[in-house]
Amino acid sequence: AQSVTQLDSQVPVFEEAPVELRCNYSSSVSVYLFWYVQYPNQGLQLLLKYLSGSTLVKGINGFEAEFNKSQTSFHLRKPSVHISDTAEYFCAVTRRGGATNKLIFGTGTLLAVQP
Amino acid sequence: KAGVTQTPRYLIKTRGQQVTLSCSPISGHRSVSWYQQTPGQGLQFLFEYFSETQRNKGNFPGRFSGRQFSNSRSEMNVSTLELGDSALYLCASSLGGTSGDNEQFFGPGTRLTVL
(Lines give C-alpha, C1' and ligand atoms only; values in the text may rest on other atoms or scores of the structure.)
Protein backbone atom coordinates (compact mmCIF):
# COMPACT_ATOMS: atom_id res chain seq x y z
CA ALA A 1 0.00 0.00 0.00
CA GLN A 2 1.04 3.58 -0.54
CA SER A 3 0.59 6.66 1.63
CA VAL A 4 1.44 10.34 1.29
CA THR A 5 2.19 12.79 4.08
CA GLN A 6 2.04 16.54 3.75
CA LEU A 7 3.23 17.80 7.09
CA ASP A 8 2.19 21.41 6.65
CA SER A 9 -1.54 22.04 6.48
CA GLN A 10 -1.01 25.73 5.86
CA VAL A 11 1.99 27.77 4.72
CA PRO A 12 1.76 31.57 4.95
CA VAL A 13 4.29 33.47 2.87
CA PHE A 14 4.79 37.02 1.64
CA GLU A 15 4.59 37.85 -2.03
CA GLU A 16 7.90 37.45 -3.92
CA ALA A 17 9.34 35.23 -1.16
CA PRO A 18 10.45 31.66 -1.88
CA VAL A 19 8.37 28.74 -0.69
CA GLU A 20 8.75 25.01 -0.17
CA LEU A 21 5.83 22.64 0.33
CA ARG A 22 6.87 19.32 1.79
CA CYS A 23 5.73 15.88 0.72
CA ASN A 24 6.87 12.48 1.95
CA TYR A 25 5.57 9.16 0.73
CA SER A 26 5.65 5.56 1.77
CA SER A 27 5.41 2.62 -0.61
CA SER A 28 6.65 -0.94 -0.87
CA VAL A 29 6.60 -0.69 -4.67
CA SER A 30 7.84 1.86 -7.19
CA VAL A 31 5.60 4.85 -7.68
CA TYR A 32 5.08 7.86 -9.86
CA LEU A 33 4.79 11.20 -8.04
CA PHE A 34 2.59 14.18 -8.79
CA TRP A 35 1.76 17.64 -7.52
CA TYR A 36 -1.69 19.08 -8.17
CA VAL A 37 -3.10 22.53 -7.42
CA GLN A 38 -6.70 23.33 -6.58
CA TYR A 39 -8.02 26.87 -6.78
CA PRO A 40 -11.23 27.74 -4.92
CA ASN A 41 -14.34 26.10 -6.37
CA GLN A 42 -12.34 24.33 -9.06
CA GLY A 43 -11.04 20.88 -9.81
CA LEU A 44 -7.42 19.79 -9.65
CA GLN A 45 -4.77 20.88 -12.13
CA LEU A 46 -1.51 19.02 -12.64
CA LEU A 47 1.54 21.12 -11.75
CA LEU A 48 4.25 18.56 -12.43
CA LYS A 49 5.07 14.88 -12.28
CA TYR A 50 8.06 12.63 -11.72
CA LEU A 51 8.11 9.47 -13.80
CA SER A 52 11.82 8.72 -14.21
CA GLY A 53 15.12 10.33 -15.15
CA SER A 54 16.29 13.63 -13.71
CA THR A 55 15.21 14.03 -10.12
CA LEU A 56 14.58 17.75 -10.59
CA VAL A 57 11.27 18.26 -12.31
CA LYS A 58 10.02 21.56 -13.65
CA GLY A 59 6.32 22.28 -13.93
CA ILE A 60 3.92 25.03 -14.83
CA ASN A 61 3.73 28.47 -13.24
CA GLY A 62 7.41 28.42 -12.22
CA PHE A 63 7.12 25.49 -9.82
CA GLU A 64 9.67 22.71 -9.53
CA ALA A 65 10.07 19.64 -7.37
CA GLU A 66 12.91 17.34 -6.45
CA PHE A 67 12.55 13.61 -6.03
CA ASN A 68 14.70 12.16 -3.27
CA LYS A 69 14.48 8.40 -3.20
CA SER A 70 16.55 7.89 -0.04
CA GLN A 71 14.37 10.30 1.92
CA THR A 72 11.20 9.28 0.08
CA SER A 73 10.40 12.94 -0.47
CA PHE A 74 9.08 15.04 -3.31
CA HIS A 75 9.10 18.64 -2.10
CA LEU A 76 7.63 21.42 -4.20
CA ARG A 77 9.42 24.76 -4.54
CA LYS A 78 8.98 28.14 -6.12
CA PRO A 79 11.65 30.86 -5.90
CA SER A 80 9.22 33.78 -5.88
CA VAL A 81 5.49 33.46 -5.23
CA HIS A 82 2.65 35.66 -6.42
CA ILE A 83 -0.72 36.44 -4.90
CA SER A 84 -2.25 34.29 -7.64
CA ASP A 85 -0.43 31.22 -6.28
CA THR A 86 -2.78 31.20 -3.29
CA ALA A 87 -4.44 27.78 -3.52
CA GLU A 88 -4.38 24.28 -2.05
CA TYR A 89 -1.61 21.99 -3.20
CA PHE A 90 -1.81 18.20 -3.19
CA CYS A 91 0.97 15.69 -3.49
CA ALA A 92 -0.06 12.31 -4.93
CA VAL A 93 1.38 8.95 -5.90
CA THR A 94 0.31 6.15 -8.16
CA ARG A 95 1.76 2.70 -8.48
CA ARG A 96 4.08 1.98 -11.40
CA GLY A 97 2.70 -0.65 -13.68
CA GLY A 98 -0.23 -1.25 -11.41
CA ALA A 99 -2.77 -1.46 -14.22
CA THR A 100 -4.62 1.47 -12.70
CA ASN A 101 -4.58 5.23 -12.61
CA LYS A 102 -5.62 5.34 -8.96
CA LEU A 103 -4.08 8.33 -7.23
CA ILE A 104 -3.38 8.41 -3.51
CA PHE A 105 -3.34 11.96 -2.22
CA GLY A 106 -1.85 13.72 0.75
CA THR A 107 -4.08 15.88 2.91
CA GLY A 108 -3.10 19.05 1.11
CA THR A 109 -1.23 22.25 1.96
CA LEU A 110 -2.91 25.61 1.76
CA LEU A 111 -0.47 28.16 0.40
CA ALA A 112 -1.54 31.62 1.57
CA VAL A 113 0.37 34.39 -0.17
CA GLN A 114 0.16 37.75 1.56
CA PRO A 115 0.97 41.13 -0.02
CA LYS B 1 -10.32 20.59 -26.90
CA ALA B 2 -13.10 20.64 -24.34
CA GLY B 3 -12.16 19.66 -20.80
CA VAL B 4 -13.82 17.25 -18.45
CA THR B 5 -17.39 18.26 -17.71
CA GLN B 6 -19.45 17.27 -14.70
CA THR B 7 -23.16 17.73 -14.21
CA PRO B 8 -24.77 18.99 -12.18
CA ARG B 9 -22.35 21.35 -10.47
CA TYR B 10 -24.41 21.64 -7.32
CA LEU B 11 -26.95 19.31 -5.81
CA ILE B 12 -28.98 19.30 -2.61
CA LYS B 13 -30.62 16.10 -1.44
CA THR B 14 -32.13 14.79 1.77
CA ARG B 15 -31.13 11.72 3.75
CA GLY B 16 -32.38 8.48 2.28
CA GLN B 17 -32.62 9.75 -1.28
CA GLN B 18 -30.41 8.60 -4.11
CA VAL B 19 -28.38 10.68 -6.52
CA THR B 20 -26.71 10.23 -9.91
CA LEU B 21 -23.73 12.31 -11.00
CA SER B 22 -22.46 12.49 -14.55
CA CYS B 23 -19.00 12.92 -16.02
CA SER B 24 -18.06 13.49 -19.66
CA PRO B 25 -14.36 12.86 -20.26
CA ILE B 26 -12.08 14.58 -22.74
CA SER B 27 -12.62 13.28 -26.24
CA GLY B 28 -10.46 10.22 -26.84
CA HIS B 29 -9.97 9.44 -23.15
CA ARG B 30 -11.08 5.98 -22.15
CA SER B 31 -10.39 6.00 -18.42
CA VAL B 32 -12.59 7.77 -15.91
CA SER B 33 -11.90 7.89 -12.18
CA TRP B 34 -14.02 9.28 -9.38
CA TYR B 35 -12.85 10.86 -6.14
CA GLN B 36 -14.63 12.13 -3.06
CA GLN B 37 -13.24 15.24 -1.39
CA THR B 38 -14.25 16.20 2.15
CA PRO B 39 -12.61 18.46 4.73
CA GLY B 40 -12.19 15.56 7.14
CA GLN B 41 -11.04 12.74 4.87
CA GLY B 42 -9.45 14.71 2.04
CA LEU B 43 -9.35 13.22 -1.44
CA GLN B 44 -10.32 9.57 -1.58
CA PHE B 45 -10.47 7.29 -4.59
CA LEU B 46 -13.89 5.83 -5.33
CA PHE B 47 -13.45 3.81 -8.52
CA GLU B 48 -11.96 3.76 -11.99
CA TYR B 49 -13.55 2.66 -15.23
CA PHE B 50 -11.84 1.78 -18.45
CA SER B 51 -13.65 0.65 -21.59
CA GLU B 52 -16.90 0.15 -19.66
CA THR B 53 -15.23 -2.11 -17.06
CA GLN B 54 -14.48 -1.25 -13.47
CA ARG B 55 -10.72 -1.50 -13.20
CA ASN B 56 -10.24 -0.56 -9.57
CA LYS B 57 -12.38 0.24 -6.57
CA GLY B 58 -11.74 2.19 -3.39
CA ASN B 59 -12.87 1.41 0.12
CA PHE B 60 -16.43 2.72 0.02
CA PRO B 61 -19.69 0.97 0.91
CA GLY B 62 -21.82 -0.67 -1.71
CA ARG B 63 -24.16 2.34 -1.73
CA PHE B 64 -21.60 3.90 -4.05
CA SER B 65 -21.67 2.53 -7.56
CA GLY B 66 -20.74 3.61 -11.02
CA ARG B 67 -20.76 2.69 -14.63
CA GLN B 68 -19.23 3.74 -17.90
CA PHE B 69 -20.90 3.88 -21.27
CA SER B 70 -19.54 3.00 -24.70
CA ASN B 71 -18.78 6.69 -25.38
CA SER B 72 -16.66 6.74 -22.17
CA ARG B 73 -19.11 8.95 -20.30
CA SER B 74 -19.48 7.82 -16.73
CA GLU B 75 -22.06 8.07 -14.02
CA MET B 76 -21.81 7.43 -10.33
CA ASN B 77 -24.75 6.70 -8.10
CA VAL B 78 -25.13 6.99 -4.37
CA SER B 79 -28.16 5.32 -2.83
CA THR B 80 -29.67 5.89 0.60
CA LEU B 81 -27.81 9.13 1.14
CA GLU B 82 -26.29 9.90 4.52
CA LEU B 83 -25.21 13.25 5.94
CA GLY B 84 -21.60 12.11 5.64
CA ASP B 85 -21.93 11.81 1.88
CA SER B 86 -21.88 15.59 1.60
CA ALA B 87 -18.75 16.26 -0.41
CA LEU B 88 -17.22 17.49 -3.62
CA TYR B 89 -17.19 14.62 -6.11
CA LEU B 90 -14.45 14.91 -8.68
CA CYS B 91 -14.14 13.06 -11.93
CA ALA B 92 -10.84 12.63 -13.77
CA SER B 93 -10.20 11.32 -17.24
CA SER B 94 -7.08 10.01 -18.94
CA LEU B 95 -6.06 8.11 -22.03
CA GLY B 96 -6.13 5.01 -19.92
CA GLY B 97 -2.87 3.11 -20.23
CA THR B 98 -2.00 0.66 -17.52
CA SER B 99 1.40 1.91 -16.50
CA GLY B 100 0.11 4.58 -14.14
CA ASP B 101 1.90 7.48 -15.77
CA ASN B 102 -1.11 8.84 -17.62
CA GLU B 103 -1.88 12.44 -16.88
CA GLN B 104 -5.33 12.73 -15.37
CA PHE B 105 -7.47 15.74 -16.13
CA PHE B 106 -9.98 16.72 -13.49
CA GLY B 107 -13.41 18.22 -13.90
CA PRO B 108 -14.71 21.06 -11.70
CA GLY B 109 -16.62 18.66 -9.50
CA THR B 110 -20.18 18.24 -8.28
CA ARG B 111 -20.88 19.70 -4.86
CA LEU B 112 -23.37 17.41 -3.10
CA THR B 113 -25.08 18.59 0.06
CA VAL B 114 -27.17 16.11 2.03
CA LEU B 115 -29.67 17.59 4.48
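Scroll up to find the structure this text is about.
Residues numbered from 1 in each chain as written. Chains lettered and ligands numbered in written order. Predicted model: local features only at pLDDT ≥ 70, side-chain atom pairs only at ≥ 80, totals over all residues. Heavy atoms only, no water.

A.B. asks: Lay out the overall build of chain B with the relevant residues and their values.
C.D. replies: Scanning chain B for helices and strands turns up 0 helices and 11 strands. Mapped in sequence order, the helices and strands of chain B form the string β-β-β-β-β-β-β-β-β-β-β. Whereas a compact globule of 115 residues would reach a radius of gyration of roughly 13 Å, chain B reaches 13 Å, a difference of no more than 12%. For chain B, the C-alpha atoms occupy an extent of roughly 40 × 25 × 25 Å along the three principal directions. When the 115 residues of chain B are sorted by exposure, 49% land in the buried category. (Helix = DSSP H or I, 4+ residues; strand = E, 2+ residues; numbered from the N terminus. Rg over C-alpha atoms; globule rule 2.2 N^0.38 Å. Buried < 20%, exposed > 50% of the residue type's maximum accessible area, 1.4 Å probe, protein only.)

A.B. asks: So what about the environment of A:Leu111? Which residues, and what values?
C.D. replies: Residues and elements named next belong to chain A. In this structure, Leu-111 sits in strand β12 (residues 109–114). Between the C-alpha atom of Leu-111 and that of Phe-14, which follows or precedes it by 97 residues, the distance is 10 Å. Beyond its immediate chain neighbours, meaning those up to four positions away, Leu-111 contacts Val-11, Val-13, Val-19, Leu-21, Asp-85, Thr-86, Ala-87 and Tyr-89. (Contact = heavy atoms within 4.5 Å.)

A.B. asks: Which residues make up the pattern of salt bridges, and what values go with them?
C.D. replies: A complete count under the given rule lists 10 salt bridges over all chains for this structure. One salt bridge in this structure joins A:Lys58 and A:Glu64, with 2.8 Å as the shortest N-O distance. On the basis of relative accessibility, which here comes to 22%, the residue A:Glu64 falls in the partly exposed class. Salt-bridge contacts for B:Glu82 lead to B:Arg63; the nearest nitrogen and oxygen are separated by 3.6 Å. Residue B:Glu82 is located in the loop between β8 (74–78) and β9 (87–94), and its partner B:Arg63 is located in the loop between β6 (53–57) and β7 (64–68); the two are separated by 19 residues in the primary sequence. For B:Glu82, a relative accessible area of 43% corresponds to the partly exposed category. (Salt bridge = Lys/Arg side-chain N within 4 Å of Asp/Glu carboxyl O.)

A.B. asks: Which residues make up the packing of aromatic side chains, and what values do they have?
C.D. replies: For any pair of aromatic rings, the description rests on two quantities: the centre-to-centre distance and the angle between the ring planes. Summed over the entire model, instances satisfying the criterion amount to 13 aromatic pairs over all chains. Taken together, a centroid distance of 5.6 Å and an interplanar angle of 85° make the contact between A:Phe105 and B:Tyr35 edge-to-face. Here B:Tyr35 lies in strand β4 (residues 31–38) and A:Phe105 lies in strand β11 (residues 104–105), a pairing that spans two chains. For A:Phe105, a relative accessible area of 8% translates into the label buried. Residue class for B:Tyr35 comes out buried when judged on its relative accessible area of 0%. Above the face of the B:Phe50 ring, B:Arg55 is positioned so that its terminal group lies 4.5 Å from the ring centre. (Phe/Tyr/Trp six-rings, centres within 6.5 Å; stacked < 30°, edge-to-face > 60°. Lys NZ or Arg CZ within 6 Å of the ring centre and 35° of its normal.)

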